[in-house]
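# Analysis of the macromolecular model
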Amino acid sequence: MNIGVVGAGIFGMAAALELRRRGHRVTLFERGRIPNPEASSTDVSKCIRRTNYPHRTYVELASRAAVQWREWHERTSRSIYFQTGQVIALSGFGPEHPSLTGWETLSRLATDIRELTAKEAEDRFPQLVLTGQDRLFYDPWAGYLRSGQALEDLAGLARDSGVTLREDTPVEAVEETAGGASVRWDSSRQDFDRLVVAAGPWVAELLPAMRTRIRLTRQQMAFFVPTDPEPFRRGRFPVWSILSPGNLWYGFPYLHEGWVKVAEDSKVDDTRADVSREPTAEFLDWAREFVARHIPALSRGELVGGRSCLYTNMAVMEDEQFVIDWAPGRQRVLIAGCGCGHGFKFGGSIGPVIADALEDRENPLGDLFRIGNRFD
Ligand SMILES: Cc1cc2nc3c(=O)[nH]c(=O)nc-3n(C[C@H](O)[C@H](O)[C@H](O)COP(=O)(O)OP(=O)(O)OC[C@H]3O[C@@H](n4cnc5c(N)ncnc54)[C@H](O)[C@@H]3O)c2cc1C
């Protein structure tokens, strides 16, 4: 088939690579340059974890993704995938909370994860102050991906495999035609057999039926330069999450950029796709306070900046499943995205799920992402 993919974030890139691998002709449209600094995928780092997933589908997809990320890491010129382990601290949740049920799901599937005592956690990760937390877990499997770099490298692989990349091409409309679907931009038009719309937070601009079905939230992060980077290097400092009802802080070891990233995940700040990606002064103050409490050695360093990034959530916030399905009322335009706050890692395994949906093939790993009656 001749397939157009709109959007070169991780969902569009994964789709383009897999569709091309299956022998389709693929054109990937991107409104800016790849990686687009405004895309949700373009960030210094994203966590790859298998914890906190109540559905086995995600645990399976995360395992498959890691294998593919490892392969891409070895094929591309720069390093993009680091296995660092992850510490998870939970407090204030009832036993039915997804963080705890997800932990139980995972404990049944993986033998190398552990619950830590407070003393064990303190001995092993003295950089983190975790007193007062109800439960502490450690998963050695987890790590992080250098996300912006990864997208740039994957674009190179896509180009080499024969995907046509059309950068600086903001698509204005996608339309179904008698035998297929078309893409319009500027005063040009291109016809395809089928289309994938992977436009991240901009999806409703091309598919207005999504407008009331998604909710965009602004999420922020802060970058700290430690006075001494050694205790924060990979191998000594893991990816970590400290969760309590209403607050989820998480962070990474010392990154290639020369800082330690600390971020917060509460989905309370509703926004629009064109919001500034600069951090707010309020958030940076809040991050400073958090770091002083939980990572005191880092708080002696310098806060050098931050960034905002958008989650594309479902309007029903409890529904954190992606959307990989035909757009409402369409038969040849497939949506791939709504990655909420956790989609990037699945770039290594979501391509086949998207390609199967586009080729009308059954794939039980895609069942969670079908629209069904989720929008009713
Ligand atoms: C702060 C933050 C932290 C996160 N942390 C993690 C994490 O630790 N682990 C994890 O797995 N996930 C994480 N995520 C989630 C993850 O980043 C997203 O789920 C994922 O990147 C979404 O990818 P996407 O391809 O759907 O969208 P995007 O990356 O936004 O890509 C969409 C692309 O489409 C292009 N586009 C849009 N409209 C058009 C058009 N009309 N024409 C042409 N091109 C167009 C855009 O320019 C953009 O490049 C995080 C997200 C944020 C915001």
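Residues numbered from 1 in each chain as written. Predicted model: local features only at pLDDT ≥ 70, side-chain atom pairs only at ≥ 80, totals over all residues. Heavy atoms only, no water.

## Examining empty space enclosed by the protein
- One pass over the full model with this rule turns up one cavity of 30 Å³ or more.
- Here the largest cavity is characterised by a volume of approximately 40 Å³.
- Looking at the largest cavity, the residues that line it are Val197, Ala198, Ala199, Gly200, Val203, Thr312, Ile335, Ala336, Gly337 and Cys338.
- Residue contributions to the lining of the largest cavity peak at three residues, all from strand S20 (residues 333–337). (1 Å grid on protein atoms, 1.4 Å probe; cavity = no way out; pocket = protein on both sides within 12 Å on 5 of 7 lines; lining within 4 Å. Points joined across faces, edges and corners; volume = space filled by probe spheres on them. Helix = DSSP H or I, 4+ residues; strand = E, 2+ residues; numbered from the N terminus.)

## Structural notes on the pairing of strand S1 (residues 2–6)
- Counting buried residues along S1, five of its five residues qualify, which places the element largely inside the surrounding structure.
- The two faces of S1 match: Asn2, Gly4 and Val6 on one face and Ile3 and Val5 on the other face are all buried.
- Relative to strand S2 (residues 25–29), S1 is paired through five bridges, and the arrangement is parallel. By the bridge assignment, isoleucine 3 is partnered in S2 with valine 26.
- For the crossover from S1 across helix H1 (residues 10–21) to S2, the handedness is right-handed.
- Sheet analysis places S1 next to strand S13 (residues 194–197), joined by four bridges and oriented parallel. (Buried < 20%, exposed > 50% of the residue type's maximum accessible area, 1.4 Å probe, protein only. Pairing = 2+ DSSP bridges. Right-handed = clockwise from strand over helix to strand, strands pointing away.)

## Quick word on helix H2 (residues 56–75)
- For H2, built from 20 residues, the straight-helix expectation of 28 Å at 1.5 Å per residue is met to within 8% by its first-to-last C-alpha distance of 29 Å.
- Of the residues making up H2, those classed as buried are Thr57, Tyr58, Val59, Leu61, Ala62, Ala65, Ala66, Trp69, Trp72 and His73. Viewed along the axis of H2, the buried residues span an arc of 165 degrees, placing them on a single side of the element. Exposed residues pointing more than 90 degrees away from the buried face of H2 are listed as Arg56, Val67 and Glu74. (Expected span 1.5 Å × (residues − 1). Arc of directions from axis to C-beta.)

## As for the site of the ligand
- With respect to spatial proximity, 37 residues lie near the ligand, and among them Glu30, Ser41, Cys47, Cys309 and Lys345 are the closest.
- Glycine 339 has a polar backbone atom sitting 3.2 Å from an oxygen atom of the ligand.
- Between the ligand and phenylalanine 344 there is a distance of 3.1 Å, counted from an oxygen atom to a backbone nitrogen or oxygen.
- Within the complex, 97% of the 1,000 Å² of free accessible area of the ligand lies under protein.
- Counting only elements with at least two residues in the shell around the ligand, the list comes to H1, strand S3 (46–48), strand S14 (214–225) and strand S18 (302–314).
- Looking at the shell around the ligand element by element, the count peaks at three residues for S18.
- Residue assignment places the shell around the ligand across two domains, with domain 1 (2–42 + 148–213 + 318–369) and domain 2 (82–146 + 215–314) each supplying three or more. (Near = heavy atom within 4 Å. Polar contact = N/O pair within 3.5 Å; in protein donor to acceptor, adjacent residues only side chain to side chain. Areas by Shrake-Rupley, 256 points an atom, 1.4 Å probe, with all protein chains shown as cover. Domains from an automatic or database assignment.)

## Topic: the domain arrangement of the protein
- According to the domain assignment, the protein consists of domain 1 (2–42 + 148–213 + 318–369) and domain 2 (82–146 + 215–314).
- The straight-line distance from the C-alpha centre of domain 1 to that of domain 2 is 29 Å.
- Buried area between domain 1 and domain 2, both sides added, is near 1,500 Å², and the carbon and sulfur share of it is 55%.
- On the domain 1 side of the interface with domain 2, the three residues burying the most area are Pro201, Arg213 and Cys340, jointly 28% of the side's total.
- A salt bridge links glutamate 320 to lysine 267, with the nearest nitrogen and oxygen atoms 3.2 Å apart.
- With three residues, the top contributor of residues to the side of domain 1 that touches domain 2 is helix H5 (residues 147–161). (Buried area = accessible area lost by both parts, 1.4 Å probe. Salt bridge = Lys/Arg side-chain N within 4 Å of Asp/Glu carboxyl O.)

## A word on the side chain of arginine 146
- Within the secondary structure, arginine 146 is located in the loop between strand S8 (143–145) and H5.
- Buried within the structure, arginine 146 lacks any salt-bridge partner; glutamate 257 is the closest side chain of opposite charge, at an N-O distance of 4.5 Å.
- Residue contacts for arginine 146: discarding those within four places in its chain leaves Val44, Arg78, Ser79, Ile80, Phe82, His256 and Glu257. (Lys, Arg positive; Asp, Glu negative; His and termini not counted. Contact = heavy atoms within 4.5 Å.)

## Section: the layout of surface pockets
- The volume enclosed by the second largest pocket comes to roughly 380 Å³.
- In terms of lining, the second largest pocket is formed by 22 residues, of which the most central are Leu17, Glu18, Arg21, Gln68 and Trp72.
- Of all the secondary structure elements, the ones that give two or more residues to the lining of the second largest pocket are H1, H2, H5 and helix H9 (350–358).
- A total of six residues in the lining of the second largest pocket trace back to one element, the largest contributor, which is H2.
- Tallied by class, the residues present in the lining of the second largest pocket amount to 10 nonpolar, seven polar and five charged. (Nonpolar A, V, L, I, M, F, W, Y, C, P; charged D, E, K, R; others polar.)

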